[in-house]
2 protein chains.
Amino acid sequence: MERLYAPYESKVMSAEAAAALVKAGMTVGFSGFTMVGYPKAVPMAIAAAGTAKDLTVLTGASVGQPLDGALVEAGLVAKRFPYQTNKSMRNAINAGTVLYADQHLSHTAAFLNRGSGPKIDVAIIECSAVTAEGLIPAAAVGNSETFVHRADKVIVELNTTLPLELNGMHDIYSPSGLEGGPVPIVDVLDRVGTPYIPCPAEKLAAIVVTDTAGDCPKFKPADADSQAIADHIVEFLKAEVAAGRQPASLSPLQSGVGSVANAVLSGLKRGGFSGLRMFTEVIQNSALELIRDGVIAGASCTSLSLSENAQRELFDNIGFYRDRVVLRPQEVSNFPGLVRRLGLIAMNTPIECDIYGNVNSTHVMGTKIMNGIGGSGDFARNAGLSIFATSSVAKGGLISCIVPMCAHVDHTEHDVQVIVTEQGVADLRWKSPRERAETIIKNCSHPDYRPMLREYYQEALALGGHTPHVLTKALSWHQRYLDTGSMKL
Amino acid sequence: MERLYAPYESKVMSAEAAAALVKAGMTVGFSGFTMVGYPKAVPMAIAAAGTAKDLTVLTGASVGQPLDGALVEAGLVAKRFPYQTNKSMRNAINAGTVLYADQHLSHTAAFLNRGSGPKIDVAIIECSAVTAEGLIPAAAVGNSETFVHRADKVIVELNTTLPLELNGMHDIYSPSGLEGGPVPIVDVLDRVGTPYIPCPAEKLAAIVVTDTAGDCPKFKPADADSQAIADHIVEFLKAEVAAGRQPASLSPLQSGVGSVANAVLSGLKRGGFSGLRMFTEVIQNSALELIRDGVIAGASCTSLSLSENAQRELFDNIGFYRDRVVLRPQEVSNFPGLVRRLGLIAMNTPIECDIYGNVNSTHVMGTKIMNGIGGSGDFARNAGLSIFATSSVAKGGLISCIVPMCAHVDHTEHDVQVIVTEQGVADLRWKSPRERAETIIKNCSHPDYRPMLREYYQEALALGGHTPHVLTKALSWHQRYLDTGSMKL
C-alpha cells in the first residue's frame, strides 16, 4: 500500500507553512495518547513562530515535550483538556496560568459531539498513511476521529518511520450522538467501524512529511513494592476464580499505566493464567509480551505505549499483533456501557486512599494536580471488580498513602471495591465504613503509620456516625506534610 | 385474569406461619422501592415473633416503617443494603449497631449475580398476582427479580388491594452475567423481557394474602426555593435547545425524588415543552400528571411513587398508563450503559456542594448518614448532562449548602456539570477549578455566605495550586456548625 494518496501530494508543505494555519485564539485538537501518536514538527513550528497565543489545546491524553512542553514554554496555551503529564504544563496549571479541566477520558469526545465545549478550529493528527478513504493513525487513536470530524481544517503529520502495516489495526467508530443504539461490541476483538478516520479532501489543509520517530516512553523496572502488590493481586484473583466469582481466564482486564500495572500482568503469567483478554486504555510492554506468549488472547485499547525495544517487536511482527490487538477511539476503549457489560476487572493506581475507601487520583496534598483522572473513572465506576493498588508510603516513607481522609476525592467509596498495597489486600465489598476502616488499617497501611491511623479512627469512633471522622484532624496529616515535610508526628 | 394460580392455593398460609420460615442469621431480600411495593404483613410478623435475630436485610431502596422500622426496632437487623430512609434504621446505622453499605442502586443485583455478597436465603415479594408463569409485582420492581432468582425460598405477599391490570406494565430483564451482549433497549418504552418474574413452583414456599393498602408517600408542596430552582432549570434547558445542544423535546429525563424534582417537571410543562421522555428511577406525582396531559410521551422507571390521590388516578386509568410507562428492575432502570447511550439529562439533589463542584449526597457534617447515594451516581456519572439542584441554605439559613470543601464526596468534580440553587445556575462544563469557584460563589451561594466563601477562596488562591484550599480551614464550617449550631461566623 501507499504512504500518501497521490492526488494529495499537492497538499504537502513544510511544518512552518502548516503551522501558519494556526492563529491566535484558536482551538486545536491534537492526536496523541500516553506519549504515542502525537504530532511533533507542527507544534514545534507553532512554538517557534510564537504568534499563535491564547490557544485552547485538546489531545487524547498525555503527549510529549515537543507538543505540551514546547507550546506552554512559548507562552501560547490558555486552556488545556482533558489530560496531561508534562512538567511545564503541570507547573503552569498549578500556577493558574493555564486553565485545565480534568475530564474523564471517555467524556471529551462525547461532550464535543453533543455540542458542548469549544469549536475545534484545526485538528493536527500524526498518521502512518493517508489513503483515498481517510487517515491511518499511528499506534494510538485517542480523540482523533472526533477532532477530524469536528474541525474546520485538518493538518496531517505523515510520519514515515511508522510501518504501513498499521493499516488494519484500528477500528474507528463513534458511539456519540443522541440516543444511539447499542455499541455492537461483544468480544474485545470485535471490529464495528472502519480501519481509517474519514476525512473529506476539502478539510485536509496540509500534509507535513516527517521522519522523526520521537521518544518512546520509558518504564521503571518493577521494584519490590510493585512486585509484592502484583503478587497480592494475583493471589486475590486466584481466590476469586476458586470461589466461582471469576471464570478461569478472568473477565477482561483493564490495567492502568506504570510499573505496578506491568508487574501485575507479568504476575498473571507466572500465576498460570491463560486465555486472558484485555479491554483497556493502554497496552504497555508487559501486555505485549503476554500477547506474544499467547497468555493474552486478545486486547482492545486506544494506545500502544511501548518502550523502544517493545515498539520494535511490535513493528517487526505487526501482522501477528494486528490479529490480536484492536486500536479504538478512547470514547470506545473507555465506554462505560462496555465496561459494565464486559464485567471488567479494573486495576488503577491512586495517589492516596483513605480509611473508608475513597481514592484521590489527581491532587498532591489536595491542591496541586499531578496529572489527571485519565480513564480511571471510566473504568472503576462501571467495572465488575474495581481494584486500586499503591505502595503504602511514598517519598521514602514521609507520606502515607493511606490517610484519615483524602484531601481530594476522584473515586468515591461506592466505586472502590478492593485496595491493595505491598502490605496486603483490603476487600471492601459489602462492608460498612467501620468494617472498611478496620480492614484497610490492618491489611494495607504501613506499620510506621498504622498506630497513628488506629488512634485517629478510635478518636473518630468516639464521636460516632456512619463514617466517623474528627473534622479538626481529618486533613491534619496533609497539613503536617506541608509544614514539616513529613506526615509523621 | 386471576389473582392466584389455582394450583398454588395450597401454599396460602398466615403471615405468622410464613414468618416462621425466616430464621436467625438469614439473608432476606425484600421487594420495595421508594415506599412502594414492599411487604408489610410478613416483616411485621417476623418482628412480632422476635426470634430471627442477626438478619441481613436487602431491599430495592427505601421501604416503610412496617418493614425497616419494625425489624430494626425489634433488634433483628445486623446488616442492611443498599438504601434506606427510615428514622430508626438511620439511627441504628449512625450508632454503628446496624452495618450498612451504601451502594449504587444499579450495583446490588449486578454484584449478587456475579457471586459477590451474601447468599439470599429467602425472598419476600409483594405481588399483585401470581400466575402459572410467575410473579406479577406491585407498582415497583426494585431488585425483586434478582432476589427471587437467587433465593432458596420465596414468600409472596399477595395484596388484593392492587389492581390486576398491573399485569403487563412490568418488563423483567436481567443484564447481569459475564460478558452479556448489548441491552437491546433503544427507546424508553422498549420491552425486552417478560411481564412477570419467573419463579419455579418448588421455590414458592408461602403465599400470604393481605388486603392492606399501606401508606402512600406524602410530598411537600413546592416552596418558593423549589419553584425558583425549577424556573432556573427550565430556562437553562431552553437555552440548551436554542444553542442546538438539546433537541426540542430534550434528551430523556432522569429526575430524583422530592419537591424540587416535582417542581422541575411542572415547570417544563409551563415552559411549553412537549413530547418529553423519562428514563428514570422513580415516577412521582408531577410526572404522572404530565403523562396524563400528554407532555410526557413515555417513561421508564422502577417505581411509581405516588400520593394517595395520584395512585387512585393511576389505578383507575391503568390501561392508559400501561401504554406509557414501563416498570423495570432497578439494574435496568439505572443501567450505566443505557444512561450514557440515551444521553440522559440527570437531575439530582445534593446535601451540599463545594466551590469546586464536588457533591455530598449522603453525609450530614461528613459523618452522619442521611439516606444513601441511591441512583444518583448511576445517573450523574454517565449522563449526557448532569445537574445538581438544592436550596443554597438549609435549617433556616444556619447551614450553607455551598461550602469550601465537601465533608464527604459522593459525586466528584468530574461528574457534576451544572449546579443550580434558588440564587442561579453555575454551568461548570469545560471550566477549570478556579473558574468553577468563581461561578459557583457568584451564581449559586446565598448572599449571607457569599462574602465568607469569597474570603476563603482568596486565602486559598494565595496558597496556589490547581484546586486551591486552606487545609486548616477547609472543613471549619462544618466544625463550627457542630460547635455552635450555625455555619455563620
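J.: I'm lost on the overall build of chain A in this one. Help?
T.: Counting its regular elements, chain A contains 17 helices and 26 strands. Taken over the C-alpha trace, chain A has a radius of gyration of 23 Å; the compact-globule value for 489 residues is 23 Å, and the two agree within 12%. Dimensions of chain A, computed from the C-alpha atoms along their principal axes, are close to 75 × 50 × 45 Å. Relative to its full complement of 489 residues, chain A shows a buried share of 65%. For chain A, the proportion of contacts with a sequence separation of at least 24, taken over those separated by at least 6, is 74%. Accessible area of chain A: about 15100 Å², with a carbon and sulfur share of 51%.

J.: Would you mind showing me how to read the side chain of Ser386(A) here?
T.: All names here are of chain A. Mapped onto the elements of the fold, Ser 386 is located in strand S21 (residues 385-389). There is a polar contact of 2.9 Å between the side chain of Ser 386 and the backbone oxygen of Asp 415. Setting aside chain neighbours within four positions, we find Ser 386 in contact with Ala 346, Ala 380, Asp 415, Val 416, Gln 417 and Val 418.

J.: It is not clear to me how empty space enclosed by the protein should be interpreted in this structure. Could you clarify?
T.: Enumeration according to the criterion identifies 14 cavities of 30 Å³ or more in this entry. Computed from the structure, the largest cavity encloses a volume of approximately 200 Å³. Taken together, 21 residues make up the lining of the largest cavity; nearest its centre are Met405(A), Cys406(A), Val409(A), Cys406(B) and Val409(B). Split by residue class, the lining of the largest cavity holds nine nonpolar, ten polar and two charged.

J.: Whenever I open this one, the interface of chain B and chain A confuses me. Can you help?
T.: Reports of interface size often rely on the accessible area that becomes lost once the parts have come together. At the interface, 91 residues of chain B touch 91 residues of chain A. Of the roughly 7100 Å² buried between chain B and chain A on both sides combined, carbon and sulfur atoms contribute 55%. Where chain B touches chain A, the interface holds four salt bridges. Note that Lys79(A) and Glu435(B) form a salt bridge whose closest N and O atoms lie 3.8 Å from each other. Our count for the chain B to chain A interface comes out at 35 residue pairs in polar contact (both at pLDDT 80 or more). Looking at the side of chain B that touches chain A element by element, the count peaks at five residues for helix H5 (residues 107-113) of chain B.

J.: Just to check I follow, could you spell out the nonpolar core for this structure?
T.: Inside soluble globular proteins, nonpolar side chains tend to come together where they are buried. Ile46(A), Leu268(A) and Leu304(A) are the most contacted members of the largest nonpolar core, which totals 113 residues. Those residues in contact with Ile46(A), other than ones at most four positions away along the chain, are Ala19(A), Val22(A), Ala52(A), Leu55(A), Leu71(A), Leu76(A) and Ile124(A). Core analysis: the next-biggest nonpolar cluster, separate from the first, contains 112 residues, Leu135(B), Val148(B), Leu162(B) and Leu204(B) among them.

J.: Looking at this structure, I do not really get the relation of the copies chain B and chain A. What am I missing?
T.: What relates the pair of chain copies is a rotation about an axis plus a shift along that axis. Expressed as a screw transformation, the operator carrying chain B onto chain A has a rotation angle of 180° and an axial translation of 0.0 Å, and the superposed copies differ by an RMSD of 0.0 Å. Such a combination of rotation and displacement between the chain copies is what one expects of a two-fold axis. Considering only C-alpha atoms, the part of chain B nearest the rotation axis is Gly337(B), at 1.7 Å. Residue by residue, 100% of the interface of chain B is reproduced at the interface of chain A, so both copies engage with the same surface.

J.: Whenever I open this one, the packing of helix H9 (residues 285-292) of chain A against helix H10 (residues 308-316) of chain A confuses me. Can you help?
T.: Relative orientation and spacing of two packed helices are given, respectively, by the angle between their axes and the distance between those axes. Residue and element names in this part refer to chain A. Two numbers describe how H9 lies on H10: the axes approach to 10 Å, and their chain directions differ by 35°. In the packing of H9 onto H10, the handedness of the crossing is left-handed. Note on element contacts: H10 touches H9 through Ala 310, Glu 313 and Leu 314, opposite Asn 285, Leu 288 and Arg 292. Along the lines of polarity and charge, the residues of the contact of H9 with H10 split into three nonpolar, one polar and two charged.

J.: Whenever I open this one, the sheet that holds strand S24 (residues 402-403) of chain B confuses me. Can you help?
T.: Residues and elements named next belong to chain B. The mixed open sheet is built from three strands, whose spatial order is S18-S17-S24. Looking at strand neighbours, the two that pair on one side only are strand S18 (359-360) and S24, the edges of this open sheet. Note that strand S17 (residues 352-354) and S18 share two bridges and pair antiparallel. If you follow Cys 353 over to S18, its bridge partner there is Val 359.

J.: Can you walk me through the environment of Leu164(B) in this structure?
T.: All names here are of chain B. Note that Leu 164 resides in the loop between strand S7 (153-159) and strand S8 (197-198). The spatial distance from the C-alpha of Leu 164 to the C-alpha of His 446 is 50 Å, given a sequence separation of 282 residues. Those residues within four positions of Leu 164 in sequence are excluded, and the remaining contacts are Met 1, Glu 2, Arg 3, Ser 128 and Ala 129.

J.: How should unusual backbone geometry be read in this particular structure?
T.: Across residues other than glycine, the phi torsion is negative in most instances, and most of the peptide bonds are trans. Pro82(A) follows Phe81(A) through a cis peptide bond whose omega is -15°. Along the polypeptide, Pro82(A) turns up in the loop between strand S3 (77-81) and helix H4 (87-95). Even without a glycine there, the phi angle at Met35(B) is positive, about 70°. Tracing the chain through its elements places Met35(B) in the loop between strand S1 (27-30) and helix H2 (41-49). In this model, Met365(B) sits at a positive phi of 55°, which is unusual for a non-glycine residue. Structurally, Met365(B) is set in the loop between strand S19 (363-364) and strand S20 (368-369).

J.: How should I be thinking about the packing of helix H15 (residues 433-444) of chain A against helix H16 (residues 450-463) of chain A in this particular structure?
T.: Residue and element names in this part refer to chain A. In contact at an axis separation of 10 Å, H15 and H16 are set at 165° when each is read in the N-to-C sense. It follows from the interaxial angle that H15 and H16 lie roughly antiparallel. Considering only the axes of H15 and H16, their crossing is left-handed. Only Arg 450, Leu 453, Arg 454, Tyr 457 and Leu 461 of H16 make contact with H15, whose side of the interface consists of Arg 434, Ala 437, Glu 438, Ile 441 and Lys 442.

Rules and cut-offs
- Residues numbered from 1 in each chain as written.
- Chains lettered and ligands numbered in written order.
- Predicted model: local features only at pLDDT ≥ 70, side-chain atom pairs only at ≥ 80, totals over all residues.
- Heavy atoms only, no water.
- Helix = DSSP H or I, 4+ residues; strand = E, 2+ residues; numbered from the N terminus.
- Rg over C-alpha atoms; globule rule 2.2 N^0.38 Å.
- Buried < 20%, exposed > 50% of the residue type's maximum accessible area, 1.4 Å probe, protein only.
- Contact = heavy atoms within 4.5 Å.
- Areas by Shrake-Rupley, 256 points an atom, 1.4 Å probe, with all protein chains shown as cover.
- Polar contact = N/O pair within 3.5 Å; in protein donor to acceptor, adjacent residues only side chain to side chain.
- 1 Å grid on protein atoms, 1.4 Å probe; cavity = no way out; pocket = protein on both sides within 12 Å on 5 of 7 lines; lining within 4 Å.
- Points joined across faces, edges and corners; volume = space filled by probe spheres on them.
- Nonpolar A, V, L, I, M, F, W, Y, C, P; charged D, E, K, R; others polar.
- Buried area = accessible area lost by both parts, 1.4 Å probe.
- Salt bridge = Lys/Arg side-chain N within 4 Å of Asp/Glu carboxyl O.
- Core = buried A, V, L, I, M, F, W, Y, C linked by side-chain atoms within 4.5 Å.
- Least-squares fit on C-alpha atoms with pLDDT ≥ 70 in both.
- Axes fitted to C-alpha atoms, helices over the stretch in contact; angles between N-to-C directions.
- Left-handed = near helix turned anticlockwise from the far one by under 90°.
- Pairing = 2+ DSSP bridges.
- Parallel < 35°, antiparallel > 145°, perpendicular 65-115°, else oblique.

Read these as geometric descriptors, not functional statements.
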